[in-house]
Amino acid sequence: MGSRGEQERRAGGGAGGLPGRSRRRQRWPGMGPPGGRGSSGARGSLQHLLLFLLFVGPFNCFASYSRATELFYSLNEGLPAGVLIGSLARDLRLPTAGSQQTASLQPPLSFTLASHGLGGQYVQLDNRSGELHTSAVEIDREALCVESSGATIFGGSVAVSSSSPSPESCLLLLDVLVLPQEYFRLVKVKIAIRDVNDNAPRFPVPHIRLSVPENAPVNTRLAIEHPALDPDMGTNGVQTYRLRDNYGVFTLDVEENENGERTPYLIVMGALDRETQDEYVTVIVAEDGGTPPLVGSATLTIGISDINDNCPQFNDSQLNVTLYGNSSLGTHVATVHAVDMDLGSNAQITYSYSQKVPQPSRDLFHLNESTGAITLSAKVDGDTPRLHRLIILGNGPGCIPAVITVLVTIIKVMMRPPEVVPRFIANEVEGVVYLKELEPINTPIAFFTIKDPDEKYKVSCYLDGDGPFRLSPYKPYNNEYLLETTKPLDFETQQLYEISVVAWNSEGFHVKKVVKVQVLDDNDNSPVFSEQLIELSIEENNVPNAFLTKLHATDADSGERGQVSYFLGPDAPSYFAVDKTTGVLTVSTQLDREEKEKYRYTVKAVDSGFPPRESIATVTITVLDKNDNSPRFINKDFSFFVPENFPGFGEIGVISVTDADAGQNGWVALSVLNGSDIFVIDTGKGVLRAKVSLDREQQSSYVLWIEAVDGGDPALSSTAKITILLLDINDNPPLVLFPQSNMSYLLVLPSTLPGSPITEVYAVDKDTGMNAVIAYSIIGRRGPRPESFRIDPKTGNITLEESLMQNDYGLYRLLVKVSDHGYPEPLHSTVMVNLFVNDTVSNESYIESLLRKEPDISVEEKQPQISIEPTHKKMESASCMPTLVALSIISLGSIALVTGMGIYICLRKGKKHHRADENLEVQIPLNGRINLHMLEKKPVEISNI
């Protein structure tokens, strides 16, 4: 593979490997000689071609077609965008961009792809310079050229190229048109895609199994049918195979066929013995020839197949057996057993007598050819030989038989044993009696007749063995005995009983008759759950069809009667399901603990007997909590009305929040997101408090955001808006803004007309509502004629009531009370209004000396009216007289009516003003002296500006 610099210069070089240039007009198989300069023969061909063109001049299209040219380039697959493949202008020896020839060429030289098929997406052609570069679409040789050799892309199709320079070439074909007409030609560009080692070998199957016979000789070769595949070509393909563990008996070899395919062969290097080790498990590794090499692996299991290389063998060569002469037919004498180490049919053993065994011995003793059991098959009498030599052969396929000798010695008995003759009442097959369980007590099984063949001895009998059976004489018959049950049989307790009826004579000789009783099952047991109360738990928001548990019930009955099916009880919700056969309990929907936390229902286990029996268990399911609910405030917005000056850390209100989750997930902590320097919240109780006393005059309302965070992981949260509105308290007395000082004064000219405004008292109150409604009143006067001035209780305007006379000149001092309408107690301030009645101010120092003296002011006996309504003057007789006179002129009756109405209205308004004065004014002793500094409820500083 060429270096990166070489690829960028010439994209891996041209065909022929010339650096910096590509081979032009290369001779391909099946093509004629290339055009251009060449040998003298080439020049002669060119002359003939020119003569031909002159002859067919009108058909000049053939001349253009003859100027077709081929260029061949090569580059590695997987190169990034922008790598230079080649320069068409340079390799075609056309004028390059920037030369004098191209500067004067009109129109300029251009290069164009004739088609934009599959091949065009992998390259970028500069229309001016003719330079060919790789595009952003990466070239993958294995994806483009899926054929094993020489694939070519023709404008979007892939086919095997017969004209490729090598059998492994993958060609990208492009048609480029060169213009203008004087340079016109069709250029066939062939780009060979070189393979790089970008694919590791891969076995088609992860596990490969190979069988080798245990008698395989050394150097045995077995082909591995699943060789590794590598899409890369040449040396980048699979080159070698190896085993990670060869166990000292295996190795690998690789054979290559005429198509270049490499097949691994397993070679046996040592002796194999299946009886020693029947399987070898290793890993086969395939490695390619790239740098660095890439590998792939698969598990290789080598199984050693059995051959018949072992023969049967007896553990002993001779077996000695003793047999009583009075033994009954079918008595077991002995069992021979041979062993063959092979498998399957190679290990099958049959038993037979040797030809050396005489026929009388064969007739007396029966040999089971499959099991090797020897039993007594004929009666022993006085003529029977007392010693029998039984030679038994153990036969295996293709083997010499193994031999064992059984010596049977018969002990002669002088008397014949008693006889036991059974007659079965219950169902009996080959000595086995079948009884159903739950048969009633005293169910008869069989009659037994006991007798002495010689009729010389007294014979008795008894029952030997455990079980609910008894053998009793059956009267009035002698030597007849009845075998019956003593209690019901239970299949689940015991299925098979083996008892013996033993008969013995007076000489002590006894005989046994074995009886097997098989108990037949009945559907007498209900299924039994392993737990009657099945307690389960599952997290909420489970996936649909989530597994809950597997119900398990057992039935002691056998067969179909013991097969258990599972069903849900009628109280089970529809979204629970149980598999009838397996007992798997599932829930088909998501459970929500907040919707329901506990489920309790029944399940049934039913057997397949007739009639079926069932049992019931209770299932309880606890849905475990997950943190899937955010805290929820009772309201999105909370509003609290709090009086100002509320004490610090007093309870403003309670923020109620809930979380539907349980436990730690439902624990909620509250915090103040903003305003935490003023407000604090009790995280447990949700009580909102202010750290300091709140002043409405500084801030009338607060907007807080409260965050509630639960204790889950991850935690969930929510927020709520809290609005705190401060209610006003009358905690601020009116503040007098004008006059600015008790020492200021105003000149009032004597010519001022009555009713003219003189000055005003202006005050404000920081409170709100009724607490900020201000009333003005004169509570003290001093001057030549102090009643000459009046103040409007609502506006604070001071007006002249009467005309000023010559003797009214001088300093007037009016003590004005400014009071609010606060509840429960109004607050007030006072200010001294100084009026100097004169034509001019000729001596200011004199006036200032008067102002500095403590005024001796008496409080007026009649308190001024304070009302938020328009001020009404007290009706005086002087003002009412003109009205009465005018009314008397109109009508005496009207005078009486209007007079009564006027008096009524005046009295009503006077009572209202009087009640308002009682609520708003501070009671001051009448006719007493007043200290201006002690009069104000709260001192107010007034200064000259």
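Before any of the text, the structure's been laid out above.
A brief structural summary. Quantities reported herein were computed from a predicted structural model and do not represent experimental measurements. (Residues numbered from 1 in each chain as written. Predicted model: local features only at pLDDT ≥ 70, side-chain atom pairs only at ≥ 80, totals over all residues. Heavy atoms only, no water.)

## Notes on the state of the cysteines
Covalent bonding between the sulfur atoms of two cysteines is what defines a disulfide. Under the criterion given, the structure shown has two disulfides. Cysteine 145 shares a disulfide with cysteine 170; S-S distance 1.5 Å. Taking the sign of the S-S torsion, about 55° here, the bridge from cysteine 145 to cysteine 170 comes out right-handed. Placement of cysteine 145 in the loop between α6 (141-144) and β6 (151-154) and of cysteine 170 in strand β8 (residues 170-179) is noted, with a sequence separation of 25 residues between them. Cysteine 145 gets classed as buried once you look at its relative accessible area, which sits at 7%. Each bonded cysteine of the protein chain is numbered by sequence order, and under that numbering the disulfide pairs are 1-2, 3-4. (Disulfide = S-S within 2.5 Å. Helix = DSSP H or I, 4+ residues; strand = E, 2+ residues; numbered from the N terminus. Buried < 20%, exposed > 50% of the residue type's maximum accessible area, 1.4 Å probe, protein only.)

## Here's the deal with the environment of glycine 270
Among the structural elements, glycine 270 can be located in the loop between β14 (262-268) and β15 (279-288). With 20 residues separating them along the chain, glycine 270 and phenylalanine 250 place their C-alpha atoms 7.2 Å apart. Those residues in contact with glycine 270, other than ones at most four positions away along the chain, are Val218 and Val249. (Contact = heavy atoms within 4.5 Å.)

## Observations concerning the packing of aromatic side chains
Applying the stated criterion to the full structure yields 17 aromatic pairs. Plain terms: the ring middles of tyrosine 474 and tyrosine 477 are 6.3 Å apart, the flat faces sit at 5° to each other, and that makes the pair stacked. For tyrosine 474, a relative accessible area of 34% translates into the label partly exposed. Seen in terms of ring centroids, tyrosine 575 and tyrosine 599 are 6.2 Å apart; in terms of plane orientation they differ by 90°. Their pairing is edge-to-face. Of this pair, tyrosine 575 sits in the loop between β39 (564-568) and β40 (576-578) while tyrosine 599 sits in strand β42 (residues 598-607), and the two are 24 residues apart along the sequence. The structure contains a cluster of three or more aromatic residues connected by ring pairs, namely Tyr575, Phe576, Tyr599 and Tyr601. Across from the ring centre of tyrosine 265, 5.1 Å away, lies the NZ or CZ of arginine 221, which sits over that ring. (Phe/Tyr/Trp six-rings, centres within 6.5 Å; stacked < 30°, edge-to-face > 60°. Lys NZ or Arg CZ within 6 Å of the ring centre and 35° of its normal.)

## Concerning the sheet that holds strand β2 (residues 84-87)
The three strands lie next to each other as β2-β5-β4, forming an open sheet whose pairing is antiparallel. A strand with exactly one partner marks an edge of an open sheet, and here the two such strands are β2 and β4 (123-125). Each strand axis lies, on average, 20° off the axis of its neighbour in the sheet, ignoring direction. The pairing of β4 with strand β5 (residues 131-134) spans three bridges and is classified as antiparallel. The residue bridging valine 123 from the neighbouring strand is threonine 134, located in β5. (Pairing = 2+ DSSP bridges. Axes fitted to C-alpha atoms, helices over the stretch in contact; angles between N-to-C directions.)

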